[in-house]
Amino acid sequence: FQLGARPNLSHRSSKITSKNTQTTTSLDAYNVDLKGKVAFIAGVADSTGYGWAIAKQLADAGATIIVGTWPPVLKIFQMGLRKGDFEDDSVLTNGGKMEIEKIYPLDAVFDKPEDVPESILTNKRYAGLDGYTISEVAAQVEADYGKIDILVHSLANGPEVTKPLLETSRSGYLAASSASAYSYVSLLQNFAPIMNPGGSALSLTYIASERVIPGYGGGMSSAKSQLESDTRTLAYEAGRKYGIRVNTVSAGPLKSRAASAIGGKGKKKTFIEYAIDYSRANAPMDQDLYSEDVGNAGLYLCSPMARAVTGVTMYVDNGLNCMGMALDAKSMEGSTEE
Ligand SMILES: NC(=O)c1ccc[n+]([C@@H]2O[C@H](COP(=O)([O-])OP(=O)(O)OC[C@H]3O[C@@H](n4cnc5c(N)ncnc54)[C@H](O)[C@@H]3O)[C@@H](O)[C@H]2O)c1
């Protein structure tokens, strides 16, 4: 199949009769059909990022898409949608367009109304909005849809991301953890009770959690470590309590809005530019990484195809995570045949 296209997952033969297969369902289960399923994707404000790509693949499989958008970027996102800015990025394989049925203002650093400080209540970027804390959004989603099936956390924020960890303040470090890691815990706390058994939660992480990635600072690497560790614990707890699965995708570098904001002012290359170039030069798969690649992995993890997969960190990074040496390092010169 073409890069960017949804793989054909249908498999209609159901001849296998070994003990390892369910007798009650045939292999028709390989058809990813999410019609009637509701997916809430937190962290979508344009079409450049991973949240959009996952939403699109889920929509392609028939899921109803609702999203949570950070209040400061809500208006510009709504305006872009109205103007048709994202039309080209909305096209589904059947020729139709992804519909975002409802957008909820969501600030994932607040759990309940009492947590919102005066500075935010009076901030003009939040003017006219309320009900954007996680518990309020979950209550609203329940009022609108009853139970949902898929929860995606595609958001991160670290106010001091440009600072090395050695120079990161306590408040910067905790803010990164709050927005990028605890937000997943809180989303699950509030949404798991309104998820159908068999449902699935997914977040996005980055290799900086386990390997040193210079330039990814401000405690963001620490937040991603938390996110991955929490994925395992939450998989256990939410699996036992609610019958839902919890996974995370460790995605390779993508030039999204958030990644571009990591910056690199005054340098020849921004963080995301050298991360992408490095990956292309050194990953086992010598090819570009598209947001659809992560969208497809997200579709798999959120679908019944992955019904026994939980607690995992799945790499979708052209394999860069497994390399122990940089192919393009000066010291490697002369190591390969000409
Ligand atoms: N882009 C990459 O190279 C890359 C690589 C690996 C992992 N990821 C992860 O993918 C996820 C999505 O990021 P992306 O790069 O696709 O960019 P993105 O800009 O599409 O998504 C980030 C979103 O987070 C939202 N956000 C920030 N603070 C928030 C808050 N307090 N409450 C609610 N929403 C908030 C932003 O408005 C934005 O919509 C993040 O977890 C990111 O760390 C990105």
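The structure displayed is predicted, hence computed values, not measured ones. Sequence order sets the numbering: in each chain, residues are counted from 1 along the sequence as written. This being a predicted model, a pLDDT of at least 70 is required before a residue's local features are given, and a value of 80 or more before pairs of side-chain atoms are given or counted; all residues contribute to the totals for chains, interfaces and linings. Side-chain measures here rest on the full set of heavy atoms in the structure, leaving out hydrogens and waters.

Trainee: Can you walk me through a nonpolar patch on the surface in this structure?
Mentor: Residues Leu165, Tyr173 and Leu174 make up a contiguous nonpolar surface patch of roughly 290 Å² in combined accessible area. Helix and strand definitions follow DSSP, with helices as H or I runs of at least four residues and strands as E runs of at least two, each counted in order from the N terminus. Topologically, Tyr173 is positioned in helix 5 (residues 170–191). What goes into a patch is any residue over 30% in relative accessible area without a salt bridge, connected to like charges within 9 Å or, for nonpolar side chains (Val, Leu, Ile, Met, Phe, Trp, Tyr), within 5 Å. Accessible areas in this description were obtained via Shrake-Rupley with a 1.4 Å probe; residue shielding takes into account the shown protein chains only. By definition here, a salt bridge exists when the distance from a side-chain nitrogen of Lys or Arg to a carboxyl oxygen of Asp or Glu is within 4 Å.

Trainee: Honestly, the packing of helix 5 against helix 6 (residues 220–242) in this entry has me stumped. Any pointers?
Mentor: Every axis in this analysis is a line fitted to C-alpha atoms, fitted for helices over the stretch in contact. Angles between the N-to-C directions lie between 0 and 180 degrees. At a minimum axis distance of 8 Å, the contact between helix 5 and helix 6 shows a crossing angle of 20°. Classified by the angle their axes make, helix 5 and helix 6 are roughly parallel. You can see that helix 5 and helix 6 cross each other, and the crossing is right-handed. Of the residues in helix 6, those touching helix 5 at Tyr173, Ala176, Ser177, Ser180, Ala181, Tyr184, Val185 and Leu188 are Met220, Ser222, Ala223, Gln226, Leu227, Asp230, Thr231 and Leu234. All amino acids are sorted into three groups, where Ala, Val, Leu, Ile, Met, Phe, Trp, Tyr, Cys and Pro are nonpolar, Asp, Glu, Lys and Arg are charged, and the leftover types, Gly among them, are polar. Residue composition of the contact of helix 5 with helix 6, grouped by class: 10 nonpolar, five polar and one charged. To sort the angles, those under 35 degrees are grouped as roughly parallel, those over 145 as roughly antiparallel, those from 65 to 115 as roughly perpendicular, and the leftovers as oblique. Put simply, a crossing is left-handed when the front helix is turned counterclockwise from the back one by less than a right angle, and right-handed when it is turned clockwise. When checking whether two residues touch, look at their non-hydrogen atoms; a contact exists if any pair is within 4.5 Å.

Trainee: Even after reading the chapter, I still don't get the site of the ligand, so can you show me in this structure?
Mentor: Around the ligand sit 27 residues in total, of which Tyr50, Ala108, Lys224, Leu254 and Ser256 are the nearest. Counted as a polar contact is a pair of N or O atoms within 3.5 Å, where, for protein atoms, one must be capable of donating a hydrogen and the other of accepting one, and residues adjacent in sequence contribute only when both atoms are in side chains. Side-chain polar atom of Ser256 to an oxygen atom of the ligand: 2.5 Å apart, as the coordinates give it. When the ligand sits alone it has 810 Å² of accessible area, and the protein chains cover 93% of it. Looking at the shell around the ligand element by element, the count peaks at three residues for helix 7 (residues 257–260). For this description, a residue counts as near a given molecule or strand if any of its non-hydrogen atoms is within 4 Å of it.

Trainee: Where do I start with the side chain of Asp149 in this structure?
Mentor: Take Asp149: it is sitting in strand 4 (residues 148–153). The side chain of Asp149 is buried and forms no salt bridge, while Lys37, the nearest opposite charge, is found at 4.3 Å. Separated by 2.9 Å, the side chains of Asp149 and Asn196 make a polar contact. Not counting residues up to four positions away in its chain, the partners in contact with Asp149 are Gly36, Lys37, Val38, Met195, Asn196, Gly199 and Ser200. A simple rule labels every residue: compare its accessible area, found with a 1.4 Å probe on the protein chains alone, to the largest value its type can have, and call it buried under 20%, exposed over 50%, or partly exposed in between. Here Asp and Glu are counted as negative and Lys and Arg as positive; His is not counted, and neither are the chain ends.

Trainee: Explain helix 5 to me, please; I cannot follow it from the model alone.
Mentor: An α-helical turn contains 3.6 residues, so a residue and the one three or four places further along point in the same direction. Compared with the 32 Å implied by 1.5 Å per residue over 22 residues, the 29 Å span of helix 5 between its first and last C-alpha is a close match. Maximum bend of helix 5: about 45°, positioned at Tyr182. Working rule for helices: expected span equals 1.5 Å times residues minus one. Two axes enter the definition of the bend at a residue: one is fitted to the seven residues ending there, the other to the seven starting there, and the bend is the angle between them.

Trainee: Any chance you could explain the pairing of strand 3 (residues 100–105) here in plain terms?
Mentor: Regular strands place side chains that alternate from one sheet face to the opposite one. Note on pairing: DSSP must find at least two bridges between two strands before they are called paired. Note: strand 2 (residues 64–69) against strand 3, five bridges, orientation parallel. Bridging across to strand 3, Gly68 finds its partner in Tyr104. When the strands point away from the viewer and the connection leading from the first strand across the helix to the second strand turns clockwise, the crossover is called right-handed. Handedness of the β-α-β unit built from strand 2, helix 2 (residues 71–83) and strand 3 comes out right-handed.

Trainee: How do you make sense of the confidence of the model for the chain when you look at a structure like this?
Mentor: Parts of the prediction with low pLDDT should not have their coordinates interpreted in detail. Per-residue confidence from the predictor is reported as pLDDT, a score between 0 and 100. Looking at the chain as a whole, its pLDDT mean stands at 92, while 91% of the residues score no less than 70. Scored below 50 in pLDDT, residues 1–18 makes 32 contacts in the model with residues more than four places away or belonging to other chains. Low pLDDT, under 50, characterises residues 21–29; the predicted model gives this stretch 10 contacts beyond four residues in sequence or across chains. What the predictor reports for the complex is a pTM of 0.93 with an ipTM of 0.99.

Trainee: When you look at the nonpolar core in this model, what are you seeing that I'm missing?
Mentor: For soluble globular proteins, nonpolar side chains are generally found buried alongside one another. Counting 38 residues, the largest nonpolar core has Ile41, Leu58 and Ile65 as its most contacted members. When residues in this core are grouped by element, the largest group, six residues, is from helix 1 (residues 50–60). Contact partners of Ile65, with chain neighbours within four places excluded, come to Ala39, Ile41, Ala55, Leu58, Ala59, Met98, Glu99, Ile100, Glu101 and Lys102. The next biggest cluster of nonpolar side chains, apart from the first, holds 29 residues, and it includes Ala138, Val185, Ala238 and Ile244. Within this scheme, the nonpolar core is defined by two criteria: the residues are buried Ala, Val, Leu, Ile, Met, Phe, Trp, Tyr or Cys, and they are joined through side-chain atoms within 4.5 Å.

Trainee: Would you explain the pairing of strand 2 in this entry?
Mentor: Taking burial as the measure, the six residues of strand 2 include five buried ones, the bulk of the element. Pairing of strand 1 (residues 38–42) with strand 2, which is carried by five bridges, proceeds in the parallel orientation. By the bridge assignment for strand 2, Ile41 is matched with Val67.

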